[in-house]
Amino acid sequence: MIYIPIPIGELPINETYGFDLYLTYNKKYVLFRSRQLPVDENVLLQLRENGVEKIYIEKGDYPKFLRLTARVAGYSGDNSQIRYLQEKFVFIDIHTLRKGSTPDFTVFTVESGLPTPIIAPDLPGVPTSVTEQHLLEFTSAYIFQVDLEKYYDYLQNSWAEEATYQPMNVAGGILMRENAKMAAHGLFHCPEPKEALPVANKAIDQILESMFDNGGTYYALLKISDQDFNTYIHSVNVAVLSMGLGIRLKLSQFQLQLLGLGGMLHDIGKTRIDPDLLLKKTKISPSEYESLREHVTLGVEWCREVPGLPPDVLPIVAQHHEQMDGTGYPDKLKIGQIDPLAQIVNIMEIYDSLTNRQPFRDAFSPFQSLGKMREMGKAINQEFLTQFILMLGEQHRPT
Ligand SMILES: [Fe+2]
Ligand SMILES: [Fe+2]
């Protein structure tokens with residue numbers, strides 16, 4: 001029997017679950033609450049007082065749990081369960097885990113839409129340490145959002161030695177990239193953006209620093225798994241690529257920071273768009289297309305509401321879909337009217353979208369993508385594109 005942990009903060013209160021809850025005791029699962037008994041505040045308090053962070057349910061009951069939490073959260077429609085999973089789980093690159101280490105958080109894979117633990121500190125029957133087989137067998141892995149801090153500490157500890165003593169390596173890059181991803185996840189999922197902003201700024205500073213120290217680490221920063229195309233991951237890619245090109249173009253430190261923030265935030269308006277529309281896999285109608293395009297103005301509104309955000313980030317967000325021949329949106333601006341930093345972000349936006357799998361098509365290779373962008377002619381800044389192609393050509397590749 002496989003059991004799935006659930007952070008106790010995610011248990012709906014005063015609902016009849018229809019499935020049993022378990023605790024672990026002496027490396028065994030013991031029944032904690034049977035299916036008819038609702039969980040109330042007192043029960044939660046008791047668990048917390050006893051230092052219990054997770055509760056367990058049988059894997060077969062997990063769909064019931066998902067349906068219940070989606071209903072309690074007020075989600076509806078076909079994608080409600082996916083939405084719950086996207087919010088509560090964070091995608092990580094399995095190669096950030098070191099063979100032989102024992103993470104103090106649970107690592108999941110997703111099997112037929114259900115998270116299944118593959119490494120866990122405390123789950124009877126699940127390995128506690130990372131094996132060679134894990135690294136070979138699984139391409140994608142997930143952790144609980146509530147475990148992010150633990151994951152981050154783990155990364156710092158397990159990669160610190162290599163990252164410090166051999167700056168020209170992948171480890172440093174991985175650390176930076178995961179760091180940036182976490183920061184972007186914070187921006188996209190934190191209800192209080194002003195709390196997430198300092199974290200994002202710090203991540204951007206670290207990336208810039210590592211890019212300046214050595215060009216070598218940013219191949220790892222750019223190396224993206226397309227297993228899970230998510231807006232926040234796309235945003236990190238766009239930020240990193242934009243800063244890379246900015247360095248090549250010898251922009252000032254301030255402009256580089258704007259590129260980092262602008263890249264991270266360019267699609268933030270999508271947090272205010274109907275998630276079912278964002279996840280739609282079938283053909284999109286013209287009116288739905290219009291709604292999707294509203295992410296630009298919604299993003300600008302979002303940015304205006306955040307105290308402390310440099311105002312120069314606004315044009316980047318506002319103009320990231322404008323094209324130099326006037327065919328972009330929302331304002332059909334033309335060459336000379338578009339902020340050069342927005343032109344850079346626009347190029348990376350297109351490149352990252354082409355090189356990742358989309359709901360309606362497969363990914364293009366970097367080579368194919370750059371070719372397509374050449375064919376776009378005057379719509380994009382071809383001079384920047386040339387520099388970008390040269391920049392990709394110069395990247396150190398990990399051996
Ligand atoms: Fe966008
Ligand atoms: Fe985008």
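A. Here's a closer look at the coordination of the iron ion (ligand 1). Taken together, Asp 267 (OD), His 295 (NE2), His 320 (NE2) and His 321 (NE2) make up the full set of protein donors to the iron ion (ligand 1), lying 2.1 to 2.3 Å away. All donors of the iron ion (ligand 1) come from a single chain, and their spacing in sequence reads D-x27-H-x24-H-H. In this model, the iron ion (ligand 1) sits 3.5 Å from the iron ion (ligand 2), the two metals being bridged by Asp 267.

B. Focus on the coordination of the iron ion (ligand 2). Protein ligation of the iron ion (ligand 2) involves His 234 (NE2), His 266 (NE2), Asp 267 (OD) and Glu 349 (OE), the donor distances falling in the range 1.8 to 2.3 Å. Around the iron ion (ligand 2), the four donor atoms sit at angles spanning 86 to 161°, and that spread fits a shape best called irregular. In the primary sequence, the donor residues of the iron ion (ligand 2) line up as H-x31-H-D-x81-E. For His 266, a relative accessible area of 0% translates into the label buried. The exposure class of Glu 349 is buried, given its relative accessible area of 9%.

C. Quick peek at the confidence of the model for the protein. A residue-level look at the protein finds 89% of positions with pLDDT of 70 or above and a mean pLDDT of 84. At the low end of the mean pLDDT range in the protein sits helix H8 (residues 217–222), at 58; at the high end sits helix H14 (residues 313–319), at 97. The model gives residues 164–168 a pLDDT under 50, and that stretch makes five contacts with residues more than four places away or in other chains.

D. Here's a closer look at the nonpolar core. If you look at the biggest cluster of nonpolar residues, it comprises 101 residues, and the most contacted ones within it are Tyr 62, Leu 97, Tyr 151, Leu 187, Leu 265 and Phe 388. Looking at which element gives the most residues to this core, the answer is helix H9 (residues 231–248), with nine residues. Here this core gathers at least three residues from each of two domains, domain 1 (3–77) and domain 2 (166–274 + 294–394). Excluding residues that lie within four positions of it along the chain, Leu 97 makes contacts with Ile 92, Phe 105, Val 107, Ile 119, Val 130, Leu 135, Tyr 151 and Tyr 154.

E. Quick look at helix H17 (residues 382–394). For H17, built from 13 residues, the straight-helix expectation of 18 Å at 1.5 Å per residue is met to within 8% by its first-to-last C-alpha distance of 18 Å. N-capping of H17 is provided by Asn 381, with a side-chain oxygen placed 3.0 Å from the backbone N of Glu 383.

F. Up close: the packing of aromatic side chains. Tallied over the full model, the rule gives twelve aromatic pairs. Ring centres of Phe 105 and Tyr 154 lie 5.5 Å apart, and the angle between their planes is 85°; this geometry places the pair in the edge-to-face category. Residue Phe 105 is found in the loop between strand E5 (89–93) and strand E6 (107–111), and its partner Tyr 154 is found in helix H5 (residues 148–165); the two are separated by 49 residues along the sequence. On the basis of relative accessible area, Tyr 154 is assigned to the buried category, the value being 8%.

G. Main features of the pairing of strand E7 (residues 114–119). Counting buried positions along E7 gives six out of six residues, so the element sits mostly inside the fold. Relative to E7, E6 runs antiparallel, the two sharing five bridges. By the bridge assignment for E7, Val 107 is matched with Ile 119. Counted along the chain from E6 to the antiparallel partner E7, the turn is two residues long, and its residue Ser 112 has a positive phi close to 35°.

H. Focus on unusual backbone geometry. Between Tyr 329 and Pro 330 the backbone carries a cis peptide bond, its omega angle lying at 5°. With respect to the helices and strands, Pro 330 occurs in the loop between H14 and helix H15 (340–355). The backbone of Asn 14 shows a phi angle near 55°, a positive value even though the residue is not glycine. Looking at the element boundaries, Asn 14 is found in the loop between strand E1 (3–7) and strand E2 (21–25). Although it is not a glycine, Lys 250 adopts a positive phi angle of roughly 55°. On the secondary structure map, Lys 250 appears in the loop between H9 and helix H10 (253–265). Exposure remark for Lys 250: the relative accessible area of 74% places this residue in the exposed category.

I. Seen up close, the packing of H9 against H17. Interaxial distance between H9 and H17 falls to 10 Å at its minimum, and their mutual angle equals 100°. The orientation of H9 with respect to H17, classified from their angle, is roughly perpendicular. Listed contacts from H17 to Leu 241, Gly 244, Leu 245 and Arg 248 of H9 are Phe 384, Gln 387, Phe 388, Leu 390, Met 391 and Glu 394. Split by residue class, the contact of H9 with H17 holds six nonpolar, two polar and two charged.

Thresholds, definitions, all that
- Residues numbered from 1 in each chain as written.
- Chains lettered and ligands numbered in written order.
- Predicted model: local features only at pLDDT ≥ 70, side-chain atom pairs only at ≥ 80, totals over all residues.
- Heavy atoms only, no water.
- Donors = N, O, S within 2.8 Å, 3.2 Å for Na, K, Ca; no water.
- Tetrahedral: all angles 85-135°; square planar, octahedral: opposite > 155°, others 65-115°.
- Buried < 20%, exposed > 50% of the residue type's maximum accessible area, 1.4 Å probe, protein only.
- pLDDT = per-residue confidence, 0-100.
- Helix = DSSP H or I, 4+ residues; strand = E, 2+ residues; numbered from the N terminus.
- Contact = heavy atoms within 4.5 Å.
- Core = buried A, V, L, I, M, F, W, Y, C linked by side-chain atoms within 4.5 Å.
- Domains from an automatic or database assignment.
- Expected span 1.5 Å × (residues − 1).
- Polar contact = N/O pair within 3.5 Å; in protein donor to acceptor, adjacent residues only side chain to side chain.
- Phe/Tyr/Trp six-rings, centres within 6.5 Å; stacked < 30°, edge-to-face > 60°.
- Pairing = 2+ DSSP bridges.
- Axes fitted to C-alpha atoms, helices over the stretch in contact; angles between N-to-C directions.
- Parallel < 35°, antiparallel > 145°, perpendicular 65-115°, else oblique.
- Nonpolar A, V, L, I, M, F, W, Y, C, P; charged D, E, K, R; others polar.

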